[in-house]
Amino acid sequence: MKKMKYTDRLLKNERFLQIQRDIRTDETDRIYCHHELEHGLDVCRIAWIMYLEDAFSEGMISDTTDTGSDINREEIKDRMYVTGLLHDIGRSCQYRTGEHHAAAGAALAEQILKAIDYPENRISETVDFIRDHHGRQNAYTDRSMIGYYIERADQLSRNCFCCPAADTCKWTAGERNQIIRF
């Protein structure tokens, strides 16, 4: 298995880690869904599983995939994990200033991506997704492939079917995840 270069850099970035600690502290008493590192990892893993299932069923990958495809797949995996881990980092600002986490997260993500030397040609795609990832009413339209999977996984990572706060949750019945799929 190849190393995820930028994901590894992100997970060692002190600013990213401090934001994760802040979110954990801010959400200690939160009864609704949490947004710290564990949620980000759940989103990444579900998104990756969905991507692999789709790619396998469409014949894009097989049990005997050649090395060239592996390199591309590993790049996609790294991009997916970076995006998934960053998608909710704006929560730390939202709790402190009231700014919506998607807008705040886009600004934070851009700074962090530059700090980890993320490829310049990928920064805007990642930042744009983070800025727009709460458009559930427009789900899955005009999104990058990475954004498509992260957006779907974000919802599927929620255990709404057994949430003790479901009676007061702002999500509509149609937005709630009622099954375990991944």
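Here, the structure is the one placed above.
**Things to note about the packing of aromatic side chains**
Scanning the entire structure with this criterion turns up four aromatic pairs. Ring geometry for Tyr6 against Tyr118: centres 5.3 Å apart, planes inclined by 80°, an arrangement best described as edge-to-face. Of this pair, Tyr6 sits in helix 1 (residues 5-10) while Tyr118 sits in the loop between helix 6 (101-115) and helix 7 (120-132); the two residues are 112 residues apart in sequence, bridging distant segments of the chain. On the accessibility criterion, Tyr6 (16% relative accessible area) is buried. Among the residues examined, Tyr118 registers a relative accessible area of 5% and is labelled buried. A centroid spacing of 5.1 Å and a plane angle of 25° characterise the contact between Trp48 and Tyr51, whose relative ring orientation is stacked.

**Re unusual backbone geometry**
In this structure, Asp117 is a non-glycine residue whose phi angle is positive, near 60°. With respect to the secondary-structure elements, Asp117 resides in the loop between helix 6 and helix 7.

**Some thoughts on a positive patch on the surface**
On the surface, Lys3, Lys5, Arg9 and Lys12 cluster together into a positively charged patch. Structurally, Lys5 is set in helix 1. Lys5 gets classed as partly exposed once you look at its relative accessible area, which sits at 42%.

**So, the state of the cysteines**
Inspection of every chain in the model, using the stated rule, returns zero disulfides. The structure places no disulfide on Cys160, whose sulfur is separated from the nearest cysteine sulfur, that of Cys33, by 5.5 Å. Assessed through its relative accessible area of 12%, Cys160 is described here as buried.

**Comments concerning the side chain of Asp78**
Residue placement: Asp78 occurs in helix 4 (residues 67-86). The charged side chain of Asp78 is buried without a salt bridge, its nearest counter-charge being Lys5 at 7.7 Å. Polar side-chain contacts of Asp78 include one of 3.3 Å to the backbone nitrogen of Lys5. Discounting chain neighbours no more than four positions away, the residues touching Asp78 are Met4, Lys5, Tyr6 and Thr7.

**A few points about the pattern of salt bridges**
For side chains of opposite charge, pairing can occur when their charged atoms come near one another. One pass over the structure, following the stated rule, counts ten salt bridges. The salt bridge partner of Glu125 is Arg79, with a shortest N-O separation of 2.9 Å. In this pair, Glu125 sits in helix 7 while Arg79 sits in helix 4, placing the two residues 46 residues apart along the sequence. By relative accessible area, which is 25% here, Glu125 ends up partly exposed. Judged by relative accessible area, which is 11%, Arg79 ranks as buried. Of the charged contacts, one joins Asp128 and Arg131 as a salt bridge, the two residues approaching to 2.9 Å between their closest N and O atoms. Placement of both Asp128 and Arg131 in helix 7 is noted, with a separation of three residues, approximately one turn of the helix. Given a relative accessible area of 38%, Asp128 falls into the partly exposed group.

Parameters at a glance
Residues numbered from 1 in each chain as written. Predicted model: local features only at pLDDT ≥ 70, side-chain atom pairs only at ≥ 80, totals over all residues. Heavy atoms only, no water. Phe/Tyr/Trp six-rings, centres within 6.5 Å; stacked < 30°, edge-to-face > 60°. Helix = DSSP H or I, 4+ residues; strand = E, 2+ residues; numbered from the N terminus. Buried < 20%, exposed > 50% of the residue type's maximum accessible area, 1.4 Å probe, protein only. Patch = residues over 30% accessible without salt bridge, like charges linked within 9 Å, V, L, I, M, F, W, Y side chains within 5 Å. Areas by Shrake-Rupley, 256 points an atom, 1.4 Å probe, with all protein chains shown as cover. Salt bridge = Lys/Arg side-chain N within 4 Å of Asp/Glu carboxyl O. Lys, Arg positive; Asp, Glu negative; His and termini not counted. Charge placed at Lys NZ, Arg CZ, Asp CG, Glu CD. Disulfide = S-S within 2.5 Å. Polar contact = N/O pair within 3.5 Å; in protein donor to acceptor, adjacent residues only side chain to side chain. Contact = heavy atoms within 4.5 Å.

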